[in-house]
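Here are the chains, one letter per residue:
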Amino acid sequence: MKKGFTMAEVLIVIGIIGIIAAMTLPAIIAKYKSMVVATQLKKLYSVTSQAMLKAVPDGDFENIPIADGGYTGVRNFYDFYLKKQFNTIHECLEIDEGGCWALTKNRDGKTNYSGTSGFGSGTIGFVTVDGYNFSIDTWTVSDWERVKQYFGVNVTGKTHMAVIHVDANGMKGPNVIGKDVFVFVLSEKGLTPAGSDKTDEEIEEECKTTGRYCFAKIMRNNWTVDPKDAW
């Protein structure tokens, strides 16, 4: 005579399976979310890099068509060279105009990194069909040392520059530098993430505080996104 499992034994097995699932499922979900975000960031960098390349005459980054820093320079760069490289659905082209940017905090959460109109007067913003929010500022050749200091890219003063902030998921949270908001520099070196010329140790330290160098960290780590940074 064959014996089957008793109801108690079946319930015990089901309970064990449930405990194992409860212990492992969150880690599986977190890993999956981090992989999804990494894929999205690869696309973001590819789309932005290609647009910047096409906006530069002959693909020569020593010939970036930025005439000046501040509002006039960025507005001309956008109107005549950059706008046609993106499929935009909304623009914020007046000084201090809101609607294209969410209030953004530093990575450590202690202070605000930007207001709701971007990164101070003299920037323009726009939203793309991909769901990216851009805030762009231009810097003159004479600003090269400040750009190098603030953004960790070894520019040499050969050309005017643009500093580009991108919110990878638009107005949605968390709106934090280094998590869903990332910083890039357009210079004679092309489009490079902030911090790209810093050491691993410098990138790691900065990424814990303000967060400007976090995209460089992700790229150096073979596009690995920490699960706690997945949105």
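Before any of the text, the structure's been laid out above.
Conventions used here
- Residues numbered from 1 in each chain as written.
- Predicted model: local features only at pLDDT ≥ 70, side-chain atom pairs only at ≥ 80, totals over all residues.
- Heavy atoms only, no water.
- Helix = DSSP H or I, 4+ residues; strand = E, 2+ residues; numbered from the N terminus.
- Buried < 20%, exposed > 50% of the residue type's maximum accessible area, 1.4 Å probe, protein only.
- 1 Å grid on protein atoms, 1.4 Å probe; cavity = no way out; pocket = protein on both sides within 12 Å on 5 of 7 lines; lining within 4 Å.
- Points joined across faces, edges and corners; volume = space filled by probe spheres on them.
- Nonpolar A, V, L, I, M, F, W, Y, C, P; charged D, E, K, R; others polar.
- Contact = heavy atoms within 4.5 Å.
- Patch = residues over 30% accessible without salt bridge, like charges linked within 9 Å, V, L, I, M, F, W, Y side chains within 5 Å.
- Areas by Shrake-Rupley, 256 points an atom, 1.4 Å probe, with all protein chains shown as cover.
- Salt bridge = Lys/Arg side-chain N within 4 Å of Asp/Glu carboxyl O.
- Pairing = 2+ DSSP bridges.
- Axes fitted to C-alpha atoms, helices over the stretch in contact; angles between N-to-C directions.

Chemist: Quick one: what's the story with unusual backbone geometry, residue by residue and with numbers?
Modeler: Omega for the bond connecting Gly173 with Pro174 falls within 30 degrees of zero, at 10 degrees, which places this linkage in the cis form. Mapped onto the elements, Pro174 comes out in the loop between strand 6 (161–167) and strand 7 (181–187). If you check the backbone angles, Asp58 has positive phi at about 60 degrees while not being a glycine. Counting through the fold element by element, Asp58 comes out in the loop between helix 1 (7–55) and helix 2 (70–82). On the basis of relative accessibility, which here comes to 81%, the residue Asp58 falls in the exposed class. Notably, Trp223 is not glycine yet its phi reads approximately 60 degrees, a positive angle.

Chemist: Account for the layout of surface pockets, naming residues and giving values.
Modeler: Taken as a whole, the largest pocket holds about 200 Å³ of empty space. Together, 14 residues line the largest pocket, and Arg107, Cys207, Lys217, Asp226 and Asp229 are the ones closest to its centre. Elements supplying a minimum of two residues to the lining of the largest pocket: helix 4 (200–208) and helix 5 (214–220). In terms of residue class, the lining of the largest pocket is built from 4 nonpolar, 3 polar and 7 charged.

Chemist: Pulling in residues and values, what's your account of empty space enclosed by the protein?
Modeler: All told, the structure shown has 1 cavity of 30 Å³ or more when counted by the stated rule. Here the largest cavity defines a volume of roughly 40 Å³. Contributing to the lining of the largest cavity are 14 residues, with Cys100, Trp101, Ser117, Gly118 and Gly125 lying nearest its centre. Of all the secondary-structure elements, those providing two or more residues to the lining of the largest cavity are strand 4 (124–128) and strand 5 (133–139). Grouping the constituent residues of the lining of the largest cavity by class yields 5 nonpolar, 8 polar and 1 charged.

Chemist: Report on the side chain of Thr123, specifying residues and quantitative values.
Modeler: Secondary-structure assignment places Thr123 in the loop between strand 3 (112–114) and strand 4. Of the residues examined, Thr123 reaches a relative accessible area of 5% and is grouped as buried. Thr123 has contacts with Val74, Ser117, Gly118, Ser135, Ile136 and Asp137, leaving out every residue within four places of it along the chain.

Chemist: Tell me about a nonpolar patch on the surface, residues and numbers included.
Modeler: A contiguous nonpolar patch, built from Met7, Leu11 and Ile14 and spanning about 340 Å² of accessible area, is present on the exposed surface. Here Met7 is to be found in helix 1. On the accessibility criterion, Met7 (60% relative accessible area) is exposed.

Chemist: Residues and numbers for the sheet that holds strand 8 (residues 190–193), please.
Modeler: The strand order across the open sheet built from 6 strands is 1-4-5-6-7-8, with neighbouring strands paired in antiparallel fashion. Looking along the sheet, the strands with just one partner apiece sit at the ends: strand 1 (88–92) and strand 8. For this sheet, the mean angle separating the axes of adjacent strands, direction not counted, is 25 degrees. Relative to strand 5, strand 4 runs antiparallel, the two being bridged by 4 bridges.

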